Amino acid sequence: DLVAAIRLVHAGQAMLAPSITRRLIDDFASRPDAKANASVDGARLADLTERELDVLRAMARGLSNTEIAEELFVGETTVKTHVGRIFMKLDVRDRVQAVVAAYEHGVVQPGS
């Protein structure tokens, strides 16, 4: 299981199935106090480029790096670079934290 998980992460996939991540984020975003518990300063989101926002929105839809690359007509390495810059700019450690920040600050709406 550990080796499979390492291969999954190395391939740019999430450890949780996208449907589970989506339900978790939808539940969190629908809570009345979600904005009060925001983990990322909204000003940090303003530092993202339009392309980084495109990547963040695609991540919020549960797409893998490969799927994002295909959708945005860029290479997978370019997507990985954008994901890394998103993590750095938002000061988050993983995709889930980045996506939660996107929901918290209205970059992505539940069901979109």
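Keep in mind that what you see is a predicted model, and the values were worked out from it rather than measured.

### Some remarks on the environment of Glu-104
Next, step 1: By secondary structure assignment, the location of Glu-104 is in helix 7 (residues 95–104).
Next, step 2: Relative accessible area serves as the criterion here: at 3%, Glu-104 is assigned to the buried category.
Next, step 3: Each C-alpha atom, one on Glu-104 and one on Ile-25, is 9.5 Å from the other, the two residues being 79 residues apart in sequence.

### A short note on the pattern of salt bridges
Next, step 1: For the structure on display, the rule yields five salt bridges.
Next, step 2: Measuring nitrogen to oxygen at the nearest pair gives 2.9 Å for the salt bridge that ties Glu-52 to Lys-89. With Glu-52 in helix 4 (residues 50–60) and Lys-89 in helix 6 (residues 76–90), this residue pair connects regions lying 37 residues apart in the sequence.
Next, step 3: For Lys-89, a relative accessible area of 22% corresponds to the partly exposed category.
Next, step 4: For Arg-61, the salt bridge identified is with Glu-71, shortest N-O distance 2.6 Å. Here Glu-71 lies in helix 5 (residues 65–72) and Arg-61 lies in the loop between helix 4 and helix 5, a separation of ten residues in the sequence.
Next, step 5: Note on Glu-71: relative accessible area 36%, which makes it partly exposed.
Next, step 6: Here the salt bridges do not stand alone but share partners, grouping Arg-51, Asp-54 and Arg-57 into one network.

### Comments concerning unusual backbone geometry
Next, step 1: Its identity is not glycine, yet Phe-73 carries a phi of approximately 60°, on the positive side.
Next, step 2: Among the structural elements, Phe-73 can be located in the loop between helix 5 and helix 6.
Next, step 3: Although it is not a glycine, Asp-91 adopts a positive phi angle of roughly 55°.
Next, step 4: In this fold, Asp-91 is placed in the loop between helix 6 and helix 7.
Next, step 5: Overall, Asp-91 belongs to the exposed group, its relative accessible area being 59%.

Conventions and cut-offs
- Residues numbered from 1 in each chain as written.
- Predicted model: local features only at pLDDT ≥ 70, side-chain atom pairs only at ≥ 80, totals over all residues.
- Heavy atoms only, no water.
- Helix = DSSP H or I, 4+ residues; strand = E, 2+ residues; numbered from the N terminus.
- Buried < 20%, exposed > 50% of the residue type's maximum accessible area, 1.4 Å probe, protein only.
- Salt bridge = Lys/Arg side-chain N within 4 Å of Asp/Glu carboxyl O.

Geometric descriptors of this kind do not, in isolation, establish any biological role.
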